[in-house]
Amino acid sequence: MAQDPIDQLEATIHARKGADPATSYTAKLFARGRRKIAQKVGEEAVETVIAALVEDKAALVGEATDLVFHLLVLLAECDVTLDDIRAEIARREGVSGIDEKAARKA
Ligand SMILES: N=c1c2ncn([C@@H]3O[C@H](COP(=O)(O)OP(=O)(O)OP(=O)(O)O)[C@@H](O)[C@H]3O)c2ncn1[C@@H]1O[C@H](COP(=O)(O)O)[C@@H](O)[C@H]1O
C-alpha cells in the first residue's frame, strides 16, 4: 500500500535536515532556525484563517496545506514526531472538550 502523503512528507522533511539550503526550501528553513520556522507557522495560520473567513475553499485547502507543511517542519525542528501527535490524539479520544475544560478549572 502507498505511504500516507503526510507520513511521506514527514520523512522528506527529516531527510532535508542538513541538506543544501540553496536547493531545498526545507533545508533553508532549518538553517534559518526555530524562531523563523515558528514565525512561518504563525503567518501560514493567519493566511489559513483569512481564507476560511472569506469562504474561499480552494484557497483554504492551499493555505491549510502550507500550514501543515510548516508545522511539520517546526515539529521536526523540536524533535516531535507525527507518532507523538497520533499518541496524543489517541489519548484524548472520547474525552469531551467540555469535560476536559471543566476539569481544568476544578
Ligand atoms: N509541501 C511543501 C511545501 N508547501 C509549501 N512550501 C513552500 O513554502 C513557501 C511558502 O511561501 P512564502 O512565500 O511564505 O515563503 P518565502 O517568501 O520563501 O519565505 P519568507 O521569505 O517569508 O521567509 C513556498 O516557497 C512554498 O513552495 C513547500 N515546500 C516544500 N514542500 C514539500 O517539501 C518537499 C521538499 O522540498 P525542498 O526542501 O524544497 O526540496 C517538497 O517535495 C514538498 O513535498
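Cut-off values and rules
- Residues numbered from 1 in each chain as written.
- Predicted model: local features only at pLDDT ≥ 70, side-chain atom pairs only at ≥ 80, totals over all residues.
- Heavy atoms only, no water.
- Near = heavy atom within 4 Å.
- Polar contact = N/O pair within 3.5 Å; in protein donor to acceptor, adjacent residues only side chain to side chain.
- Areas by Shrake-Rupley, 256 points an atom, 1.4 Å probe, with all protein chains shown as cover.
- Helix = DSSP H or I, 4+ residues; strand = E, 2+ residues; numbered from the N terminus.
- Nonpolar A, V, L, I, M, F, W, Y, C, P; charged D, E, K, R; others polar.
- Buried < 20%, exposed > 50% of the residue type's maximum accessible area, 1.4 Å probe, protein only.
- Arc of directions from axis to C-beta.
- Contact = heavy atoms within 4.5 Å.
- Axes fitted to C-alpha atoms, helices over the stretch in contact; angles between N-to-C directions.
- Parallel < 35°, antiparallel > 145°, perpendicular 65-115°, else oblique.
- Left-handed = near helix turned anticlockwise from the far one by under 90°.
- Patch = residues over 30% accessible without salt bridge, like charges linked within 9 Å, V, L, I, M, F, W, Y side chains within 5 Å.
- Salt bridge = Lys/Arg side-chain N within 4 Å of Asp/Glu carboxyl O.

Caption draft 1: The site of the ligand, seen in detail. Close to the ligand lie 13 residues; Ser-24, Tyr-25, Thr-26, Arg-32 and Lys-40 are nearest. In this structure, Arg-16 approaches the ligand through a side-chain N or O atom, which is 3.0 Å from an oxygen atom. In the environment of the ligand, an oxygen atom lies 2.5 Å from a nitrogen or oxygen atom belonging to the side chain of Ser-24. Computed on the free molecule, the ligand has an accessible area of 850 Å², of which 55% lies beneath the protein chains in the complex. Among the secondary structure elements, those contributing two or more residues to the shell around the ligand are α1 (5–15), α2 (25–32), α3 (34–53) and α4 (57–77). Classifying every residue of the shell around the ligand by side-chain character gives three nonpolar, four polar and six charged.

Caption draft 2: Here's a closer look at α2. Residues Thr-26, Ala-27, Leu-29 and Phe-30 constitute the buried set of α2. Angularly, the buried residues of α2 cover 155 degrees about the axis, an arc narrow enough to put them on a single face. Buried residues along α2 sit in contact with α1, α3 and α4. Near the N-terminus of α2, the side chain that reaches the backbone nitrogen of Thr-26, with its oxygen 3.3 Å away, is that of Ser-24. Looking one or two residues past α2, Gly-33 carries a phi angle of roughly 100 degrees, positive in sign.

Caption draft 3: The packing of α1 against α4, seen in detail. One can describe the packing of α1 onto α4 by two numbers: an axis separation of 10 Å at closest approach and a directional angle of 50 degrees. Judged on the interaxial angle alone, α4 and α1 are oblique. Relative to α4, α1 is oriented so that their crossing is right-handed. Two secondary-structure elements touch here, α1 through Ile-6, Leu-9, Ile-13 and His-14 and α4 through Phe-69, Leu-72, Val-73 and Ala-76.

Caption draft 4: Molecular detail of a nonpolar patch on the surface. Together, Val-46, Ile-50 and Val-54 line one region of the surface with nonpolar side chains, adding up to about 270 Å² of accessible area. Mapping Val-46 onto the fold places it in helix α3.

Taken by themselves, the reported measurements are silent on function.
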